[in-house]
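# Tertiary structure, described
The lines below spell out each chain.
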Amino acid sequence: MKHFLSIDDVTDLNQLISSGIAAKRNPFGDSELGKNKTIGLLFFNSSLRTRISTQKAAQNLGLNVITMNVGQDGWGLEMEEGVIMNGDKAEHVKEAAAVIGSYCDIIGIRSFAGLQDREKDYSEIIFQQFKKYAQVPIVNLESATRHPLQSLADCITIEEFKLKQRPKVVLTWLPHFKALPQAVANSFCEWMNPMDVELVITHPEGYDLAPQFVGKGQVIYDQDKALEGADFVYGKNWSSYSNYGQVLTSDPSWMITEAKMALTDNGKFMHCLPVRRNMKVADEVLDGPRSLVIEQAANREWSAQAALREVLLGMQH
Amino acid sequence: MKHFLSIDDVTDLNQLISSGIAAKRNPFGDSELGKNKTIGLLFFNSSLRTRISTQKAAQNLGLNVITMNVGQDGWGLEMEEGVIMNGDKAEHVKEAAAVIGSYCDIIGIRSFAGLQDREKDYSEIIFQQFKKYAQVPIVNLESATRHPLQSLADCITIEEFKLKQRPKVVLTWLPHFKALPQAVANSFCEWMNPMDVELVITHPEGYDLAPQFVGKGQVIYDQDKALEGADFVYGKNWSSYSNYGQVLTSDPSWMITEAKMALTDNGKFMHCLPVRRNMKVADEVLDGPRSLVIEQAANREWSAQAALREVLLGMQH
Amino acid sequence: MKHFLSIDDVTDLNQLISSGIAAKRNPFGDSELGKNKTIGLLFFNSSLRTRISTQKAAQNLGLNVITMNVGQDGWGLEMEEGVIMNGDKAEHVKEAAAVIGSYCDIIGIRSFAGLQDREKDYSEIIFQQFKKYAQVPIVNLESATRHPLQSLADCITIEEFKLKQRPKVVLTWLPHFKALPQAVANSFCEWMNPMDVELVITHPEGYDLAPQFVGKGQVIYDQDKALEGADFVYGKNWSSYSNYGQVLTSDPSWMITEAKMALTDNGKFMHCLPVRRNMKVADEVLDGPRSLVIEQAANREWSAQAALREVLLGMQH
């Protein structure tokens, strides 16, 4: 059985990227693959792109889709083992996962970091528990530490738009007044590592990502220096990993503007969206020809389709 | 590309009404038309009839349907251009519309009037922005100023139940303690204008609708006089347009009763629903043989099917 | 027209159980039966198993499914006749039921007991009103007093796991700090009555169920005595019927543990879920080989499929 939780579940990244591009060209070529199978999409958090693109990809593959806002349509789930359940959680994940796994052939889950307890967030307990008890493939629709469907869409987008064999890809931190998870940034690094790119990561001091995600990425604290010669600028805000969940600065000089983009080698701008305009990125960049954010988001459908196709193929063995 | 936002998007109203009646007789006659296409239904406000009837109509046409409660499943969207997004809106409509438009072949949107700022409401900014950025046909599931799927269902109902070539149709204001939008009343007038009917509009002074919607409609402030000889009485509450969003009166003598209906020429009663019984309309009318409210609501499925059929046919060119 | 509201709607229970077991073996054998038909699922309360399993069963039968969280996606419904609707309920069930019935071929409804007014709860007014006004078959997804899809799943599970022709089945009350409805317990008794089982019901004094549900069930207030020789132990908490909706005790000695299960004849443990671990039932029971709770929940798909199949067959006459 094949899960899709992180880059570790990918056997051949090039093949997976090609599969996404193939799906884009011929969306209904595998429409029999999911026939008489059902994917359950469980949202513990809000979603727009992931919700719609994953449903769309599933339907392209002939899957039935059942979507559920867990807390809202149902009730809170207890994740810890051995507790006396006399609080506000009405059901244990042991039962919920096993039961949903008996109805659904695949389960997609979105559950963000709480940003209070690093060890807990980074243990990915919800995903571990569903993996253990559901007995069906689990697909990560963004977890506390990763967002692999986004990262695969990012890989597809870079593959489509790169003009050099080995482009320079710069992940840059952007200012934000709220504390956001590290998931997208972590995951982007994790997926860029096996790609044939020069990966540079730039952020204010104190915002270093967990080392296991950085890998071959070179950290440069000077944003201007980091942007020099970039082919792709990937913007994202995240809160501190070392001072876990803290906003250490929201220095507006880190906002991406045309002046910043002028430092690149005619670089393209990427962002996973949603993006707060004129706080993280200037209108002039997002509305200009350098921006790939719409193309990148559109590729979410094809990354989801490639990932679900892998999962479905893995179920035939 | 063909949108369905107002009567202005209708080329031939008689043909559209006939198409709705044809769908009612043979719901699955066009079930291949929407094959491998997806409609996204975005609800910024609550819905019952529109939500269910539009899904049903879409499924009759073979469309896949993805439904989303925007604020609840996702997050608030910024509609204004050029702002610094440091408030509670996490995403700009520029991105949201473009991205949803990349996943969905048609987008249906419900977004009511806020009733605070007339110019803003009447600018229909959400619909204008989606039209501009989504690049796919937009269907109005009730906007700040219009409810065309309701109006088309009203046209179908009048066509089915009229006993004269040119019936007298009276739109009457009904009392309500809350401030409600003008959308249904506006839209009803706009669609009655090209119909072969005598249109009379009655309401207390201060409740005049925007002149661009009234058209050939004759305004009579005396409800009893207006109802004389009516073939159809169309009840609806709305708040003031001139004193925008205000409740100027909730005079109970405007409630439709059997005594009021006795002034008509054996008239039928219509209302878009939901209706507050015994405040806007008496039980005796709604439960009696004059009421068409259920037939009218049932026709929402066929008006949606006719509208979506037009949109789908428009996509083939 | 055939509703599915209680055991009274079942013509042949053995045949219905067999139909559920047949669906489990061949889920898609009747996938043409629901073609071009739509089931609307209306949730006035939260749901996990019922929501997913009923959707799944409906899709297995080829039905289209439209799901709606009534209060959340729409608005409150007035159930009483003749009232002046000037409060917080925007629509009367007369209209809502008739309209939804015009769009949907079958309507499933979940609406829990309010536990404030016994007469009102036990009148099942929502279901009576929908039955009266919707003019399509109504399926009970858990009402104030019954949960027949659960009970049918329970019958299927007992049929599958029984080792004796006439097993002893003990329904035992479990401790809980919150007031819960009697629906599952009522319904379980109602469905065990026509089964070839010895039915024993055990609970603290003051927790007697309504006599019309108890039927042939023997009430024993001493839990240990009741459990002696049991083949199936069915745990559930409910609030008092006589002191309506009250929590009279949450005596922890009523929790089901391995020591309690040791009193049985190698009995199996059942519970409708969700279950609060270590408050109602000990981990050792739920995680041990005696527990049937996952198998039982999995059978919800097949009980729903058997019930919907009956309803669909009833529509062909």
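Note that the structure is a prediction, hence the values are computed from the model and not measured. (Residues numbered from 1 in each chain as written. Chains lettered and ligands numbered in written order. Predicted model: local features only at pLDDT ≥ 70, side-chain atom pairs only at ≥ 80, totals over all residues. Heavy atoms only, no water.)

### Remarks on the side chain of A:Glu95
- Position of A:Glu95 relative to the elements: it lies in helix α4 (residues 93–103).
- A:Glu95 sits in the buried class, given a relative accessible area of 2%.
- Separated by 2.6 Å, the side chains of A:Glu95 and C:Arg277 make a polar contact.
- When neighbours within four sequence positions are excluded, A:Glu95 is seen to be in contact with C:Leu273, C:Val275, C:Arg277, C:Leu286, C:Val293 and C:Ile294. (Helix = DSSP H or I, 4+ residues; strand = E, 2+ residues; numbered from the N terminus. Buried < 20%, exposed > 50% of the residue type's maximum accessible area, 1.4 Å probe, protein only. Polar contact = N/O pair within 3.5 Å; in protein donor to acceptor, adjacent residues only side chain to side chain. Contact = heavy atoms within 4.5 Å.)

### Things to note about the UniProt feature "binding site: N(2)-succinyl-L-ornithine" (unreviewed entry) in chain A
Residue and element names in this part refer to chain A.
- The UniProt feature table records "binding site: N(2)-succinyl-L-ornithine" (unreviewed entry) at Glu142, His176, Lys236 and Arg276.
- In contact with His176, not counting residues within four places along its chain, are Asn237, Val247, Ser250, Arg276, Met279 and Lys280.
- A polar contact is formed between the side chain of His176 and the backbone nitrogen of Lys178, at a distance of 3.0 Å.
- Considering the arrangement of structural elements, one finds Arg276 in the loop between β11 (268–271) and α12 (283–286).
- Judged by its relative accessible area of 6%, Arg276 is buried. (UniProt positions renumbered as here; feature names shortened; annotations may be inferred.)

### Notes on the packing of helix α13 (residues 293–315) of chain B against helix α4 (residues 93–103) of chain C
- Running from amino to carboxyl end, α13(B) crosses α4(C) at an angle of 40°, the nearest separation of the two axes being 9 Å. At the point where α13(B) passes α4(C), the crossing takes the right-handed sense. When α13(B) is examined against α4(C), the residues B:Val293, B:Ile294, B:Ala297, B:Ala298, B:Arg300 and B:Glu301 are found in contact with a partner set consisting of C:Glu95, C:Ala98, C:Val99, C:Ser102 and C:Tyr103.
- For the contact of α13(B) with α4(C), the class distribution of residues is 7 nonpolar, 1 polar and 3 charged. (Axes fitted to C-alpha atoms, helices over the stretch in contact; angles between N-to-C directions. Left-handed = near helix turned anticlockwise from the far one by under 90°. Nonpolar A, V, L, I, M, F, W, Y, C, P; charged D, E, K, R; others polar.)

### Overview of the UniProt feature "domain: Aspartate/ornithine carbamoyltransferase carbamoyl-P binding" (unreviewed entry) in chain A
- Residues given the UniProt feature "domain: Aspartate/ornithine carbamoyltransferase carbamoyl-P binding" (unreviewed entry) here are residues 2–160 of chain A.
- In this annotation, residues 2–160 of chain A is assigned 43% helix and 15% strand; the end-to-end C-alpha distance for the span is 27 Å.

### A few points about the relation of the copies chain C and chain A
- Taken as rigid bodies, chain C and chain A are interconverted by a rotation of 120° and an axial shift of 0.0 Å, the fit giving an RMSD of 0.0 Å. Expressed as an axis order, the relation between the two copies is that of a three-fold axis. Proximity to the rotation axis, assessed at the C-alpha, singles out C:Gln72 in chain C; its C-alpha lies 5.4 Å from the axis.
- Take the interface residues of chain C: only 3% of them recur as interface residues in chain A, which is what a contact between different surfaces looks like. (Least-squares fit on C-alpha atoms with pLDDT ≥ 70 in both.)

### Quick notes on the pattern of salt bridges
- A full pass over the atoms with the stated rule returns 51 salt bridges over all chains.
- Residue A:Lys94 is joined to A:Glu81 by a salt bridge in which the shortest nitrogen-to-oxygen separation is 3.0 Å. Of this pair, A:Lys94 sits in helix α4 while A:Glu81 is found in the loop between β3 (77–78) and β4 (91–92), placing the two residues 13 residues apart along the sequence.
- Note on A:Glu81: relative accessible area 38%, which makes it partly exposed.
- The closest approach of N and O atoms between B:Asp196 and B:Arg166, which form a salt bridge, is 3.1 Å. Placement of the pair is B:Asp196 in the loop between α8 (183–192) and β8 (198–202) and B:Arg166 in the loop between α7 (148–161) and β7 (168–173), with a sequence separation of 30 residues. (Salt bridge = Lys/Arg side-chain N within 4 Å of Asp/Glu carboxyl O.)

### As for the interface of chain A and chain B
- Tallying the contact residues gives 30 residues for chain A and 29 residues for chain B.
- Between chain A and chain B the total buried area reaches about 2,700 Å² when both faces are included, carbon and sulfur atoms providing 58% of it.
- Area buried by chain A at its contact with chain B is led by A:Leu48, A:Ile52 and A:Arg277, which between them contribute 23% of it.
- At the boundary of chain A with chain B, the tally comes to 3 salt bridges.
- Close ionic contact of A:Arg277 with B:Glu95 constitutes a salt bridge, the shortest N to O distance being 2.6 Å.
- Across the chain A-chain B interface, the total number found is 9 residue pairs in polar contact (both at pLDDT 80 or more).
- Mapped onto the side of chain A that touches chain B, the elements with two or more residues apiece are α2 (49–60), α12 and α13 (293–315) of chain A.
- If you tally residues by element for the side of chain A that touches chain B, the top one is α2(A), at 7 residues.
- Of the residues assigned to the side of chain A that touches chain B, the class counts are 13 nonpolar, 8 polar and 9 charged. (Buried area = accessible area lost by both parts, 1.4 Å probe.)

### Here's the deal with the relation of the copies chain A and chain B
- Superposing chain A onto chain B takes a rotation of 120° combined with a translation of 0.0 Å along the rotation axis, leaving an RMSD of 0.0 Å.
- The residues that chain A uses at the interface reappear at the interface of chain B in only 3% of cases, marking distinct surfaces.

### Things to note about the pairing of strand β2 (residues 64–69) of chain A
- Bridge count for strand β1 (residues 38–43) of chain A against β2(A) is 6 bridges, and the pairing is parallel. Bridging across to β2(A), A:Gly40 finds its partner in A:Ile66. (Pairing = 2+ DSSP bridges.)

### Side note on the sheet that holds strand β8 (residues 198–202) of chain C
Residue and element names in this part refer to chain C.
- Taken in spatial order, the 5 strands make up an open sheet running β9-β8-β7-β10-β11, and their pairing is parallel. Looking at the sheet topology across the chains shown, the edges are occupied by β9 (218–219) and β11 (268–271).
- As judged from the 2 bridges shared by β8 and β9, these two strands associate in the parallel manner. Its bridge partner lying in β9, Ile201 is registered against Val219.
- The strands touched by helix α8 (residues 183–192) are β7 (168–173), β8 and β10 (232–236); relative to β7, the strand with the most contacts, the crossing angle is about 165°.
- Seen against the sheet, helix α13 (residues 293–315) touches β10 and β11 and runs at an angle of roughly 45° to β11.

### Some details on the packing of helix α2 (residues 49–60) of chain C against α13(C)
Residue and element names in this part refer to chain C.
- Packing of α2 against α13 brings their axes to within 8 Å, and their N-to-C directions diverge by 50°. When the axis of α2 is compared with that of α13, the two are oblique. The crossing of α2 and α13 is right-handed. Taken together, the residues of α13 that come into contact with α2 (itself represented by Arg49, Thr50, Ser53, Thr54, Lys56, Ala57, Ala58 and Asn60) are Ala297, Arg300, Glu301, Trp302, Ala304, Gln305 and Leu308.
- Here the contact of α2 with α13 is composed, by residue class, of 6 nonpolar, 5 polar and 4 charged. (Parallel < 35°, antiparallel > 145°, perpendicular 65-115°, else oblique.)

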